[in-house]
Amino acid sequence: MPKSQLAFRSEHDHSDCIEHALSEARELCAERKLRFTPIRELVLKTIWQSHKPLGAYELLPTLAEAGFNSAPPTVYRALDFLQEQGFVHRIALLNAFIGCPHPQKAHESSFLICSQCNNAVEIETSGISKEVNKQAGLLGFIPEQQSIEVLGICPECQRVSP
């Protein structure tokens, strides 16, 4: 089973996801000569604790419990950094953030989002992205960013729904 599909399985252990994401973020920040501050690390860790996208305000209590300034600008600065570095993606449909499983390279983002449990998973859709770019080019439009968000029902929720 592809690793991306594990997000939709109830027995999935998030500790592997968290450790891998933090390790990769530390390495990439070191390579890029950027500071991976304790607040940035905590925000990334919290986002990776499940595959449910989290809104900025959902992160504030975690910062407060850890003794950090929990004002909205603090979390937004951390999220901006994490998003700029490719460590998280913003899901516009939910106005929330989810961890990126492959932040080492820039890429277009596509997500499957469960309308019942709110779990989300990033999927590979380079073929779709190429076609969007082609069609945009025919219209003289230059895409700067793409994100495809598909709302549906995950396998776990299908099993429990009548």
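Anyway, here's the lowdown on the structure attached to this text. (Residues numbered from 1 in each chain as written. Predicted model: local features only at pLDDT ≥ 70, side-chain atom pairs only at ≥ 80, totals over all residues. Heavy atoms only, no water.)

Let us look at the environment of Ile142. Along the polypeptide, Ile142 turns up in the loop between helix H5 (126-138) and strand E5 (147-152). Residue Ile142 is classed as exposed on the basis of its relative accessible area, which comes to 70%. Measuring from C-alpha to C-alpha, the distance between Ile142 and Cys154 comes to 34 Å, with 12 residues separating the pair along the chain. (Helix = DSSP H or I, 4+ residues; strand = E, 2+ residues; numbered from the N terminus. Buried < 20%, exposed > 50% of the residue type's maximum accessible area, 1.4 Å probe, protein only.)

It is worth spelling out the environment of Thr74 at this point. Inspection of the secondary structure puts Thr74 in helix H4 (residues 72-84). Aside from chain neighbours lying at most four places away, what touches Thr74 is Ile39, Leu63 and Asn69. A distance of 3.4 Å separates polar atoms of two side chains, one belonging to Thr74 and the other to Asn69. (Contact = heavy atoms within 4.5 Å. Polar contact = N/O pair within 3.5 Å; in protein donor to acceptor, adjacent residues only side chain to side chain.)

Our focus in this paragraph is the pattern of salt bridges. If you walk through the whole model with that rule in mind, you get 3 salt bridges. Ionic pairing is found between Glu19 and Arg26, a salt bridge with its closest N-O pair at 3.8 Å. Judged by its relative accessible area of 46%, Glu19 is partly exposed. Residue Arg26 is classed as partly exposed on the basis of its relative accessible area, which comes to 36%. Residue Arg159 pairs with Glu156 through a salt bridge whose shortest N-O separation is 2.3 Å. Taken together, the residues Arg159 and Glu156, both in helix H6 (residues 155-160) and 3 residues apart, mark about one turn of the helix. Connected through shared salt-bridge partners, Glu19, Arg26 and Glu41 make up one network. (Salt bridge = Lys/Arg side-chain N within 4 Å of Asp/Glu carboxyl O.)

So, about the sheet that holds strand E3 (residues 109-114). Across the sheet, which stays open at both edges, the 3 strands sit in the order E4-E3-E5 with mixed pairing between neighbours. The strands lining the two open edges of the sheet, one partner per strand, are strand E4 (120-123) and E5. Within the sheet, the average angular offset between the axes of one strand and its neighbour, ignoring direction, is 20°. Direction of pairing for E3 relative to E4: antiparallel, over a ladder of 4 bridges. Across the sheet, Ser110 pairs through a bridge with Ile123, a residue of E4. (Pairing = 2+ DSSP bridges. Axes fitted to C-alpha atoms, helices over the stretch in contact; angles between N-to-C directions.)

This paragraph deals with helix H2 (residues 38-47). Every α-helix carries 3.6 residues per turn, so stepping three or four residues along brings you back to the same face. Those residues of H2 that sit buried are Leu42, Val43, Leu44, Thr46 and Ile47. Elements that come into contact with the buried residues of H2 comprise helix H1 (14-32), helix H3 (56-65), H4, strand E1 (88-91) and strand E2 (96-99).

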